[in-house]
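Residue-level structure breakdown
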Amino acid sequence: MPYRTEGSALDASVRILLITSRGTGRWVIPKGNVPTGVTPHAAAALEAEEEAGIAGSVCPIPLGSYRYRKRRNNGASLMVDVDVFPLAVTDEFDQWKEQGQRERRWFSLPEAAEAVDETDLRDLMRTFASSEFKAAARRTGVFHLVAQKSKVSNMFAWFQRLLPKTGNFFDMFEAHAVTIVAAADALARLFQGGGARVDHIREIHEREHDADNIIREVLQTVRKTFLTPFDRGAITSLIGAMDDAVDEMNAAAGAVALYDFVDFSEEMRDMTAIIVDAARVTAEAIPLLRDVARNGPRLHELTERLVRMEGHADEIHDRGLKKAFSQCGENETMKFIVVREVYKHLERIVDALEDVANEIDGIVIDHA
């Protein structure tokens, strides 16, 4: 499922790329059979390039699956199960293999869900960046709600000014989540190889600097704020875990620059794709903390997804490290040390995002 976000804000709209099928002309996502020896998510990326003329970071963990009936060349009409992998689009080609056979078009998330015929696929799209949860995250303050219902909004202004300051922690959490998403996107572009590596490394470094400023502001605000939305320890632990993720992204980019590393393996790219999707899930979860009681079930769903991603990333990390050890042998010890260093930082990024999930779970348990 190819997607992109319009802007860097957490409430930025998500757009989905659909293509027309060659037979019926209905709107579908790129899909196809998995060739022998090719992983399912890699096959999905190949189909996206051939059918839609796009490339990007495809997460090796599927969002879910759906079924549809496909007519074979022999006339049989059989049910087919399709695993759906999120693909963060970074390149859109002017020419591609099936350009003359299909139309491609970007849709808003609700429009894409309405355009496809498959009910399960429609549901997957709607839960990808659920608008109702985003609306809940922007819940209006209780005093403003009371004022609206009572028609005496001006009366509450003086009362609110008398209340102890509570700090703008939610704004700072969300600002930090923006840096996580942006840094993850830049990291994925860096690990895809090609040109502009200096620019990608520089962007990651700048995002890390932005994140440092935010965590510094959070820690200062915690010390001088009378009322906090959560326990002070929970606030500092959550922002600390978020900051660890960006720090490790910067460390990974630093290792790439220091060793002039260009030999990015398939496993490394898969891990960065997981990081991109984990950052997206984190960015959806953070605003929901504004109303933990209401959003508790959804927060648990998102944190469980992050934990599953971390487990899958560990498997990819071990497989990639084992392959590197086998390829380097006894004669390229230094090369293996560099590869291991890069893998170490990628693993720590995913670990930090799992720590964010654990911190969010703790807040939900305490307050929902």
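What counts and what doesn't
- Residues numbered from 1 in each chain as written.
- Predicted model: local features only at pLDDT ≥ 70, side-chain atom pairs only at ≥ 80, totals over all residues.
- Heavy atoms only, no water.
- Helix = DSSP H or I, 4+ residues; strand = E, 2+ residues; numbered from the N terminus.
- Expected span 1.5 Å × (residues − 1).
- Buried < 20%, exposed > 50% of the residue type's maximum accessible area, 1.4 Å probe, protein only.
- Contact = heavy atoms within 4.5 Å.
- Salt bridge = Lys/Arg side-chain N within 4 Å of Asp/Glu carboxyl O.
- Pairing = 2+ DSSP bridges.
- Phe/Tyr/Trp six-rings, centres within 6.5 Å; stacked < 30°, edge-to-face > 60°.
- Polar contact = N/O pair within 3.5 Å; in protein donor to acceptor, adjacent residues only side chain to side chain.

Where an unreviewed UniProt entry is consulted, the protein chain appears under the name DUF47 family protein, with the organism given as Novosphingobium anseongense.

Re helix H8 (residues 197–224)
For H8, with 28 residues, the first-to-last C-alpha span of 41 Å sits near the 40 Å given by 1.5 Å per residue. Of the residues making up H8, those classed as buried are Arg197, His200, Ile201, Glu203, Ile204, Glu208, Ala211, Ile214, Ile215, Val218, Thr221 and Val222. Considering only its buried residues, H8 is in contact with helix H7 (169–191) and helix H9 (232–258).

Notes on the environment of Gly194
Along the polypeptide, Gly194 turns up in the loop between H7 and H8. Residues Gly194 and Val262 lie 68 residues apart in sequence; the distance between their C-alpha atoms is 9.0 Å.

Some thoughts on the pattern of salt bridges
According to the stated counting rule, one finds 22 salt bridges in the structure shown. A salt bridge links Glu92 to Arg4; its shortest N-O distance comes to 3.7 Å. One end of the pair, Glu92, is in strand E7 (residues 87–92); the other, Arg4, is in strand E1 (residues 2–5), with 88 residues separating them in the sequence. For Glu92, a relative accessible area of 37% translates into the label partly exposed. By relative accessible area, which is 29% here, Arg4 ends up partly exposed.

Let's talk about the pairing of strand E2 (residues 14–20)
Along E2, six of the seven residues are buried, which leaves the element largely enclosed by surrounding structure. For E1 and E2, the ladder comprises three bridges, and the chain directions are antiparallel. The partner of Tyr3 across the bridge, within E2, is Ile16. Examined bridge by bridge, E2 and strand E8 (residues 104–108) share five bridges and lie antiparallel to one another. When the sheet's bridge partners are listed, Leu18 is paired in E8 with Arg105. Where E2 lies against strand E3 (residues 27–28), two bridges are found, and the strand directions are antiparallel. For Thr20, the partnering residue across the bridge sits in E3 and is Trp27.

Some words on unusual backbone geometry
Its identity as a non-glycine residue notwithstanding, Asp260 has a phi of 50°, on the positive side. Relative to the helices and strands, Asp260 is located in the loop between H9 and helix H10 (266–288). Assessed through its relative accessible area of 55%, Asp260 is described here as exposed.

Observations regarding the packing of aromatic side chains
Across all of its chains, the model carries seven aromatic pairs by this definition. Their ring planes at 75° and their centres at 5.0 Å tell us that Trp27 and Phe107 sit as a pair that is edge-to-face. Taken as a pair, Trp27 in strand E3 and Phe107 in strand E8 lie far apart in primary sequence, 80 residues in all. Trp27 sits in the buried class, given a relative accessible area of 14%. Its relative accessible area of 7% is what places Phe107 among the buried residues. Arranged with centres 5.4 Å apart and planes meeting at 80°, the rings of Phe261 and Phe264 form a pair that is edge-to-face. Here Phe261 matches Phe264 in class, with each residue buried. Feature note: the residues Phe191, Phe261 and Phe264 constitute an aromatic cluster, connected by ring pairs.

Comments concerning H9
For H9, built from 27 residues, the straight-helix expectation of 39 Å at 1.5 Å per residue is met to within 8% by its first-to-last C-alpha distance of 38 Å. The opening residue of H9 is Asp231, an N-cap whose side-chain oxygen sits 2.8 Å from the backbone nitrogen of Gly233. Taken from the residues just after H9, Asp260 is the one with a positive phi, measuring 50°.

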